[in-house]
Amino acid sequence: MAASGKLSTFRLPPLPTIREIIKLFRLQAMKQLSQNFLLDSRLTDKIVRKAGNLTNTYVYEVGPGPGGITRSLLNANIAELLVVEKDTRFIPGLQMLSDAAPGKLRVVHGDVLTFKLEKAFPESLKRNWEDDPPKVHVIGNLPFSVSTPLIVKWLENISVKDGPFAYGRTQMTLTFQKEVAERLVATTGSKQRSRLSIMAQYLCNVKHLFTIPGQAFVPKPEVDVGVVHFTPLIQPRIEQPFKLVEKVVQNVFQFRRKYCHRGLAMLFPEAQRLESTGRLLQLADVDPTLRPTQLSLLHFKSLCDIYRRMCDEDPQLFAYNFREELKQGKRKNQEKEDERYGL
Ligand code: SAM
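Source: prediction; values computed, not measured. (Residues numbered from 1 in each chain as written. Predicted model: local features only at pLDDT ≥ 70, side-chain atom pairs only at ≥ 80, totals over all residues. Heavy atoms only, no water.)

A. Representation of the layout of surface pockets. Approximately 270 Å³ is the volume attributed to the second largest pocket. As for the second largest pocket, its lining consists of 17 residues, and the residues nearest its centre are Leu 12, Ile 18, Ser 41, Arg 71 and Asn 75. Breaking the lining of the second largest pocket down by element, the ones donating at least two residues are helix H2 (41-50) and helix H3 (68-74). Broken down by class, the residue content of the lining of the second largest pocket amounts to 7 nonpolar, 6 polar and 4 charged. (1 Å grid on protein atoms, 1.4 Å probe; cavity = no way out; pocket = protein on both sides within 12 Å on 5 of 7 lines; lining within 4 Å. Points joined across faces, edges and corners; volume = space filled by probe spheres on them. Helix = DSSP H or I, 4+ residues; strand = E, 2+ residues; numbered from the N terminus. Nonpolar A, V, L, I, M, F, W, Y, C, P; charged D, E, K, R; others polar.)

Written as C-alpha cells, this is what we have:
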C-alpha cells in the first residue's frame, strides 16, 4: 500500500495496448452484459483529468474491464488504486497491470453492488463531513443497468454517511447513458426533470462534465454516454430520511404529466385522501396545479417536512402503500363476484 502523503511521479512502463490485451486474453465484450470498452487513451485521460485533482488520492475504480481508465489513473500520480471487477476474464490482464505498477494497484474480483469500501482504505483518510472532501475518489464506467441502481444506493449511503462516504464527502465521477446524465442534472422546469434529479440534487452538487459519443466505445452502444461528477453537500437540501424523500418524490413523479396533487394524493389512504392532500399542500405552501417537473427543491423540502409531520402524528401513515390498497380492493371485488355467482 502506498504511504499516504507521499508525492510520487509514477508512469507505467511500456505495455501492450488495450486492444492487444483484449486479443491476448480473449476479452471479447459480452453484449448481454452491456460491456462497452473505452480503448482511446485520450478519452480515458480526459475522464481522469476532468474528475479533478487526484494527486495522492486513493481511488476506487468500479468495473475496470480491460483497464483503459485504470491505466490513465495509474499515470495520474494517485496514491493507490483499488479496482473491483466482476468478470473473471479481466482479472489476469488487470493483474499484469498491477505487476507493472508495484504497490499501486489492488485488484479485487468482486461485485461493486456488495463490495464494502469503508474498510478498504486507511482510517487516516477519514475527514469530518464539514471538512473538504477526503483524498478518496470513486470512478467508473459501468454497464448502465448497474450504474443507475448503484448511484441510488450510493445516494442513500451519502444520506447516512456510510459506505464510500464513511471517509467523508467522497467525490465520484461516473458514466451514465446520456439521458440519465441529463436527468441527474436537470433543473426545475426542464423536460428531463425526474425522480433522479431530486434524489441526486438534494444530496449532492451534480455536474455533467462532458458527453462521449457512442462510437468511441467498442462495441458501440446504442446511446451516447455522459460523464457525471458528484460532490456530496455538507448540508443536504432536504433534511429528512432518504426513504421518506424517496417516497414523496416517487409519488409526485408517478403522474409526471398531471398536476402534482394527483401523485401526492396517493401518499394517503382513500378515506382521508382529499382532506390530507389539501392539508399537505396548504401547509407546504405548494400550488396544487404545478406539474411535477415544475417543483423546485425548496418545494420538495416543504412537502417532505410537512409529510414527515403528518407521519409523526399518524404512525401508520408512512407504511401506507396505495398499490396494496388497490390490490386489496380488487381482491374484495373478486370475492364479492365469486359470492354472487356462488363460486
Ligand atoms: N471500465 C471499462 C472501460 O471503460 O473500458 C469497462 C467498461 S464496461 C461498460 C463495464 C465493466 O464493468 C465490465 O468490465 C463489467 O464486467 C464490469 N461490471 C459489470 N457489473 C459489475 C459489477 N456488479 N461489479 C463489478 N464489475 C462489474
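B. Here's a closer look at the UniProt feature "binding site: S-adenosyl-L-methionine" (unreviewed entry) in the protein. In this structure's numbering, the residues bearing the UniProt feature "binding site: S-adenosyl-L-methionine" (unreviewed entry) are Asn 36, Leu 38, Gly 63, Glu 85, Asp 111 and Asn 141. Here, the second largest pocket is lined by Leu 38 out of the annotated residues. Looking at where Glu 85 falls in the secondary structure, it is placed in strand E3 (residues 80-85). Residue classification places Glu 85 among the buried positions, given a relative accessible area of 6%. (UniProt positions renumbered as here; feature names shortened; annotations may be inferred. Buried < 20%, exposed > 50% of the residue type's maximum accessible area, 1.4 Å probe, protein only.)

C. Just the pattern of salt bridges, in detail. Scanning the entire structure with this criterion turns up 11 salt bridges. Residues Arg 89 and Asp 87 are paired through a salt bridge, measuring 2.9 Å at the closest nitrogen-oxygen approach. According to the relative accessible area criterion, Asp 87 is buried, its value standing at 11%. For Lys 126, the salt bridge goes to Glu 123, with nearest N and O atoms at 3.2 Å. Look at Lys 126 and you get partly exposed, because its relative accessible area is 32%. Using a relative accessible area of 59% as the deciding quantity, one classes Glu 123 as exposed. Taken together, the shared-partner salt bridges in this structure form one network comprising Glu 156, Lys 243 and Glu 246. (Salt bridge = Lys/Arg side-chain N within 4 Å of Asp/Glu carboxyl O.)

D. How the structure looks around the UniProt feature "domain: Ribosomal RNA adenine methylase transferase N-terminal" (unreviewed entry) in the protein. Using the residue numbers shown here, the UniProt feature "domain: Ribosomal RNA adenine methylase transferase N-terminal" (unreviewed entry) corresponds to residues 43-234. Secondary structure over residues 43-234 splits into 30% helix and 24% strand, and the C-alpha atoms at its two ends are 31 Å apart.

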